[in-house]
Number of protein chains: 2
Amino acid sequence: MEKQALNNENAYIAAADIGGTSIKLGLFSREHRLIASWEIPTDPAENGSNILPDTADSLLRHAAGVPIAGLGMGVPGAVDRQNTVRNCTNIGWDTTNLENAVRALLPDIPVLAFGNDASVAALGELCFGAGRNYDSAYFITLGTGVGGGYASGGRVISGANGAAGEIGHILINPGESTACMCGRCGCLEQYASANGIVRLAHNLLRIKGCRPVEDDCPGDVHIERLFDIDIPDDESRLEHAEGFNSKDIFKLADSGDRLAGLTVELFGRCLGLAMSSISCSVDPEVYIIGGGMSKAGKTLVNAVKRGYLSYAYPPSRDTEILISGLGNQAGIYGCAAMADRLMSCK
Amino acid sequence: MEKQALNNENAYIAAADIGGTSIKLGLFSREHRLIASWEIPTDPAENGSNILPDTADSLLRHAAGVPIAGLGMGVPGAVDRQNTVRNCTNIGWDTTNLENAVRALLPDIPVLAFGNDASVAALGELCFGAGRNYDSAYFITLGTGVGGGYASGGRVISGANGAAGEIGHILINPGESTACMCGRCGCLEQYASANGIVRLAHNLLRIKGCRPVEDDCPGDVHIERLFDIDIPDDESRLEHAEGFNSKDIFKLADSGDRLAGLTVELFGRCLGLAMSSISCSVDPEVYIIGGGMSKAGKTLVNAVKRGYLSYAYPPSRDTEILISGLGNQAGIYGCAAMADRLMSCK
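Just so we're clear, the structure is a prediction, and the values are computed from it rather than from any experiment. (Residues numbered from 1 in each chain as written. Chains lettered and ligands numbered in written order. Predicted model: local features only at pLDDT ≥ 70, side-chain atom pairs only at ≥ 80, totals over all residues. Heavy atoms only, no water.)

**So, the side chain of Thr-55 of chain A**
Residues and elements named next belong to chain A. Worth spelling out the cut-off: Numbering of helices and strands runs from the N terminus, with a helix taken as a DSSP run of H or I at least four residues long and a strand as a DSSP run of E at least two residues long. Residue burial is assigned from relative accessible area. The probe radius is 1.4 Å, only protein chains are included, and a residue is buried under 20% of its type maximum, exposed over 50%, and partly exposed in between. Pairs of residues are marked as contacts when any of their non-hydrogen atoms sit within 4.5 Å.
As for its position among the elements, Thr-55 is in helix α3 (residues 51-63). Under the relative-accessibility criterion, Thr-55 is labelled buried at 2%. Setting aside residues no more than four positions away along its own chain, Thr-55 makes contact with Ala-16, Ile-18, Ile-23, Leu-25, Ile-40 and Met-73.

**Considering the packing of helix α7 (residues 194-208) of chain B against helix α8 (residues 246-254) of chain B**
Residues and elements named next belong to chain B. What counts is decided by this rule: Every axis in this analysis is a line fitted to C-alpha atoms, fitted for helices over the stretch in contact. Angles between the N-to-C directions lie between 0 and 180 degrees. If an angle is under 35 degrees, it is roughly parallel; if it is over 145, roughly antiparallel; if it lies from 65 to 115, roughly perpendicular; otherwise it is oblique. Basically, the charged four are Asp, Glu, Lys and Arg, the nonpolar ten are Ala, Val, Leu, Ile, Met, Phe, Trp, Tyr, Cys and Pro, and anything else, Gly included, counts as polar.
Packing of α7 against α8 leaves a shortest axis separation of 8 Å and a crossing angle of 60°. Compared by their axis directions, α7 and α8 come out oblique. Counting all contacts with α7, which are made through Ala-194, Ile-197, Val-198 and Ala-201, the residues of α8 involved are Ser-246, Ile-249 and Phe-250. Of the residues contributing to the contact of α7 with α8, the split by class is six nonpolar, one polar and no charged.

**Re the interface of chain B and chain A**
The test is simple: In this description, buried area is defined as the sum, over both parts, of the accessible area (probe of 1.4 Å) that is lost when the two are combined. Any Lys or Arg side-chain nitrogen located within 4 Å of an Asp or Glu carboxyl oxygen qualifies as a salt bridge. Contacts described as polar in this section are N or O atom pairs within 3.5 Å, which, within protein, must combine one atom able to donate a hydrogen with one able to accept it, while residues neighboring in sequence count only if both atoms come from side chains.
Chain B puts 43 residues into the contact, and the matching count from chain A is 43 residues. Together chain B and chain A conceal approximately 3300 Å² of surface at their shared face, both sides included; 56% is due to carbon and sulfur atoms. Between chain B and chain A we count two salt bridges in total. Taking the shortest distance from any N to any O, the salt bridge between Arg-81 of chain A and Glu-285 of chain B comes out at 3.3 Å. Run the count over chain B and chain A and you get 20 residue pairs in polar contact (both at pLDDT 80 or more). Contributions of two or more residues to the side of chain B that touches chain A are made by β10 (146-152), β11 (155-157) and α9 (258-281) of chain B. Here the element with the most residues in the side of chain B that touches chain A is α9 of chain B; it accounts for seven residues.

**Considerations on unusual backbone geometry**
All names here are of chain A. In this structure, Ala-64 takes a positive phi of about 45° despite not being glycine. Relative to the helices and strands, Ala-64 is located in the loop between α3 and β4 (68-75). The phi angle at Asn-83 is positive, at roughly 65°, despite the residue not being glycine. Tracing the sequence through the fold places Asn-83 in the loop between β5 (78-79) and β6 (84-86).

**A short note on the environment of Gly-131 of chain A**
Residue and element names in this part refer to chain A. Counting through the fold element by element, Gly-131 comes out in the loop between α5 (117-128) and β9 (136-142). Residues Gly-131 and Ser-324, spaced 193 residues apart in sequence, show a C-alpha to C-alpha distance of 8.5 Å. Apart from residues no more than four positions distant in its own chain, Gly-131 is found in contact with Glu-125, Leu-126 and Ile-288.

**Here we look at the confidence of the model for chain A**
Formally: Each residue carries a pLDDT value, the predictor's own confidence for that position, ranging from 0 to 100.
When the pLDDT values of chain A are averaged, the result is 91; 95% of them are 70 or greater. Listed scores for the predicted complex are pTM 0.88 and ipTM 0.87.

**Re the pattern of salt bridges**
Side-chain pairs of opposite charge can arise where the charged atoms are in close proximity. Across all of its chains, the model carries 14 salt bridges over all chains by this definition. Residue Arg-103 of chain B is joined to Glu-99 of chain B by a salt bridge in which the shortest nitrogen-to-oxygen separation is 4.0 Å. Of the two residues, Arg-103 of chain B and Glu-99 of chain B both sit in helix α4 (residues 98-105), four residues apart, roughly one turn of that helix. A salt bridge links Lys-208 of chain B to Glu-239 of chain B; the shortest N-O distance between them is 2.6 Å. Taken together, the positions of Lys-208 of chain B in helix α7 and Glu-239 of chain B in the loop between α7 and α8 put the pair 31 residues apart, joining distant regions of the chain. Residues joined in a network through salt bridges with shared partners are Arg-206, Asp-220 and Glu-224 of chain A.

**A few points about α9 of chain B**
Defined as follows: Any helix carries an expected span of 1.5 Å times its number of residues minus one.
Here α9 of chain B spans 35 Å end to end across 24 residues, near enough to the 34 Å set by a 1.5 Å rise per residue. Counting buried residues in α9 of chain B gives 20 out of 24 residues, a clear majority hidden from the surface.

**A short note on the sheet that holds strand β5 (residues 78-79) of chain B**
All names here are of chain B. Worth spelling out the cut-off: Only strands that DSSP links by at least two bridges are regarded as paired with each other.
Spatially, three strands are ordered β5-β6-β7 in an open sheet, and the strand pairing comes out antiparallel. The open sheet has two free edges, formed respectively by β5 and β7 (96-97), since each of these has just one partner strand. Here β5 runs beside strand β6 (residues 84-86); their pairing, made up of two bridges, is antiparallel. Each residue of the ladder has a partner; that of Val-79, found in β6, is Val-85.

**Brief notes about the relation of the copies chain B and chain A**
Defined as follows: For this overlay, a least-squares fit was computed on C-alpha atoms, restricted to residues scoring pLDDT of at least 70 in both copies.
Taken as rigid bodies, chain B and chain A are interconverted by a rotation of 180° and an axial shift of 0.0 Å, the fit giving an RMSD of 0.1 Å. Such a turn and shift between the copies fits a two-fold axis.

**Notes on the pairing of strand β3 (residues 34-41) of chain B**
Residue and element names in this part refer to chain B. Alignment of strand β2 (residues 22-28) against β3, held across seven bridges, turns out to be antiparallel. Residue Ser-22 lies in a different strand from β3, and its bridge partner there is Pro-41. Between β2 and β3, which pair antiparallel and follow one another directly, the connecting turn spans five residues, one of which, His-32, has a positive phi of 70°.

Structure (structure tokens):
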């Protein structure tokens with residue numbers, strides 16, 4: 001059965017991109033054409049123990065008897081070379097050997113490939129999306145957190161501890177007094193995630209004197225330790241907002257609100273500073289920005305470009321910065337590419 | 001002739017590691033055994049136009065009629081995929097296509113491979129030196145400047161602009177007011193090179209009030225913008241030294257001089273901070289430290305380890321930090337590995 005599926009040109013390549021709220025699934029032809037894509041909810045019950053069985057059931061049902069030659073799976077944690085995943089806390093998993101677990105559920109699929117979700121998305125963008133004309137791409141995902149992945153020469157570089165691409169934890173402000181989720185102070189994620197940019201705005205409001213002192217809570221950040229900040233003196237709509245999110249900030253910046261504009265500018269400088277370090281480390285051909293925040297489009301990309309240019313080492317100043325071409329399907333495309341690569345080695 | 005050399009098991013693999021003061025040369029057996037190694041001076045006359053002819057002559061003379069199946073060459077600049085080198089300013093070269101230039105001088109060598117000197121040294125250490133038991137290594141060279149190179153899966157990652165490994169230009173102190181050679185302010189090289197650590201010591205002496213105000217010259221750096229610094233109040237021998245270099249600082253630190261010890265500590269924190277960014281970018285299995293300063297041995301490595309641990313993202317805290325195993329022969333070993341890799345593709 002195994003060999004049969006692998007050599008069957010009509011067999012599918014399956015893809016499963018497991019996230020905290022949903023599992024994105026796909027079936028691809030052997031020529032990487034997306035045949036079907038769908039989502040199922042991620043079941044958080046019983047420490048996420050239904051997630052892999054649900055995924056397996058759903059794939060088999062959609063494949064409807066057509067053999068699957070290979071499956072690529074992305075998971076929100078660090079995957080080592082033995083396909084063991086660690087730190088998958090947001091779906092409740094303890095340390096798990098994915099290969100053994102999936103092999104038990106899907107014994108007829110000859111090739112199984114696993115990777116970190118952001119790294120897999122980077123591979124998807126590199127092979128089929130905004131990076132398809134480049135040899136190496138650094139993918140940056142901006143959402144609840146800041147993640148990333150590096151793909152070069154058609155393969156994902158996941159690193160010795162699966163921590164390659166964990167750019168949300170590049171320290172850009174070691175003088176910060178507020179701790180990041182990781183326990184250290186001054187990580188990029190504290191300023192450049194969806195929460196981070198809201199904190200930046202609160203930071204500016206505090207400097208302007210618009211928020212009471214008790215608002216200097218543990219959630220606040222101190223970006224003024226990194227940059228000289230010149231607060232615009234005209235009134236901002238953020239001063240009177242009861243609450244606001246990252247979308248509101250980008251929208252207000254677009255409408256000409258100068259404090260919101262400065263917030264976006266500082267967000268761009270924080271990300272640009274971290275990207276200048278990445279360029280000195282590995283010098284990717286292109287940066288591709290995805291994740292929920294990337295929907296802010298040009299306003300966001302232009303701020304990041306200005307931020308990067310403020311700090312980039314001259315030889316890598318011209319590195320391109322693009323918006324994701326595959327959106328939230330980057331993951332399943334990357335899963336297919338990962339499975340395909342492994343299949344061609346068999 | 002070409003095919004003959006490539007298939008001749010008795011042919012040599014030649015290596016040339018071109019530096020600012022000397023050219024290190026080597027002949028290896030096809031099994032990577034070093035047969036002979038020697039050095040010739042780098043001739044800076046006429047914009048370095050004698051360097052490649054001198055190298056070719058010397059190799060042919062030492063090979064004494066034995067065919068050379070492949071030559072690997074490391075140069076102090078960024079080499080692109082077309083084997084064109086840029087920014088080779090310290091040996092006087094303009095933009096040069098190395099393959100054409102060397103092919104004209106050594107038409108009988110079938111395979112020519114080129115790379116940046118630090119990247120090639122990284123490959124040497126990864127394949128034959130301190131990194132030989134690892135899959136990926138980030139090599140850091142500490143000398144007049146701070147350079148580096150990243151090798152993974154037996155190949156050098158040189159980056160889109162040949163700038164991978166240019167870690168001396170990771171910005172660790174964007175608040176710095178003194179400019180680096182590259183024109184930006186706050187690069188790692190300003191604090192962690194042989195000159196950089198001397199500047200750090202001057203910085204501390206200035207804070208202590210031991211140097212006249214006019215000593216706050218453009219060469220001074222302002223590390224106090226990055227770290228809270230608590231200057232030891234006992235007397236340091238650095239206060240009375242007419243001049244001192246990086247070796248003196250490490251020696252004094254070893255002898256218990258507390259200001260010299262603090263200088264070494266801050267050097268380690270600067271390098272450790274940059275390394276924490278590299279780990280979040282690509283997460284190498286091991287860091288290998290070479291270059292002239294690495295002769296300071298344990299005192300240096302231990303300061304770097306403490307510095308790295310102060311900043312490392314938890315999953316990559318345990319990344320090993322080793323001293324170069326091949327010393328100044330890392331380059332020629334890497335040249336041989338690079339040529340060998342290309343030969344096996346032919």
